[in-house]
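# Secondary and tertiary structure notes
Below, each chain spelled out in residue letters.
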Amino acid sequence: MPTPHRFVADGTVIRLARMLRFAGYDVEVVPDPGQAYRAAVREGRTLLTRNRRRFLNRPGVFVLPSEDLDDQLVRVLARFPQEIQPGQRCVMCNAELQPATPQEVRGEVPLYVYLTARTFHRCPRCGRITWPGTHVTRMFARLHRALHSARPSGSGSRS
Ligand SMILES: [Zn+2]
């Protein structure tokens, strides 16, 4: 597998950034386009943006032509393939999640979740606790669809 790419997303593609983090991609968010570009250059990251007029043909920038999240996801997965590790990274702040036992999160998650979920993760940066649930299931479904479309054999019908 290719080495993981690192990205900065500006404010135009925040939902894409969250989906990519869910897939395991390293994506920092810097809402201001100018600051995002400078951060990307400074840290050797690729800038993800919808800001076509400002960044078209700028090296180190990947411009997304569509505002459709599924389309954006497919384009990034196809252009920057890497090992997909769903649920290993905090979708809100990009830190790598750490496993936590049910005992460790007791009192911090709803009782029914504590009683039914078996695997938990905690974000060391923002403290967010995650577990397999409806939200994650939806993200899995979206990621699965995108991965299917991003495969070279499945890309023929897309314009
Ligand atoms: Zn976090």
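Residues numbered from 1 in each chain as written. Predicted model: local features only at pLDDT ≥ 70, side-chain atom pairs only at ≥ 80, totals over all residues. Heavy atoms only, no water.

This part takes up the layout of surface pockets. Put simply, the largest pocket is a space of about 330 Å³. The wall of the largest pocket is formed by 21 residues, among which Phe22, Thr130, Trp131, Pro132 and Val136 lie closest to the centre. Among the secondary structure elements, those contributing two or more residues to the lining of the largest pocket are β6 (120-122), β7 (129-130) and α7 (134-150). Sorting elements by how many residues they give to the lining of the largest pocket places α7 first, with five residues. Split by residue class, the lining of the largest pocket holds eleven nonpolar, eight polar and two charged. (1 Å grid on protein atoms, 1.4 Å probe; cavity = no way out; pocket = protein on both sides within 12 Å on 5 of 7 lines; lining within 4 Å. Points joined across faces, edges and corners; volume = space filled by probe spheres on them. Helix = DSSP H or I, 4+ residues; strand = E, 2+ residues; numbered from the N terminus. Nonpolar A, V, L, I, M, F, W, Y, C, P; charged D, E, K, R; others polar.)

Residue alternation in strand β3 (residues 46-49) divides its side chains into two sets, Thr46 and Leu48 and Leu47 and Thr49, and both sets are buried. Here three bridges tie strand β1 (residues 6-9) to β3, and the two strands are oriented parallel to one another. By the bridge assignment for β3, Val8 is matched with Leu47. As defined by bridge partners, β3 adjoins strand β4 (residues 61-63) across three bridges and the pair is classed as parallel. Paired with Leu48 across the strands is Phe62, a residue of β4. (Buried < 20%, exposed > 50% of the residue type's maximum accessible area, 1.4 Å probe, protein only. Pairing = 2+ DSSP bridges.)

We now examine helix α1 (residues 14-23). In terms of burial, α1 is largely enclosed, as seven of its ten residues are buried. Looking at the buried positions of α1, the neighbouring elements they touch are β1, β2 (26-29), β3, α4 (69-79) and α7. (Contact = heavy atoms within 4.5 Å.)

Structurally, Asp71 can be placed in helix α4. On the accessibility criterion, Asp71 (10% relative accessible area) is buried. Of the polar contacts made by the side chain of Asp71, one reaches the side chain of Arg75; its length is 2.7 Å. (Polar contact = N/O pair within 3.5 Å; in protein donor to acceptor, adjacent residues only side chain to side chain.)

One open sheet accounts for four strands, arranged β2-β1-β3-β4; its pairing is parallel. With one partner strand each, in any of the chains shown, β2 and β4 form the two edges of the open sheet. Each adjacent strand pair in this sheet contributes to an overall mean axis angle of 30°, direction not counted. Pairing of β1 with β2, which is carried by four bridges, proceeds in the parallel orientation. Paired with Phe7 across the strands is Val27, a residue of β2. Those strands touched by α1 are β1, β2 and β3, and its axis lies near 150° from that of β2. The strands that helix α2 (residues 33-43) touches are β1, β3 and β4; relative to β1, the one it contacts most, it runs at about 165°. (Axes fitted to C-alpha atoms, helices over the stretch in contact; angles between N-to-C directions.)

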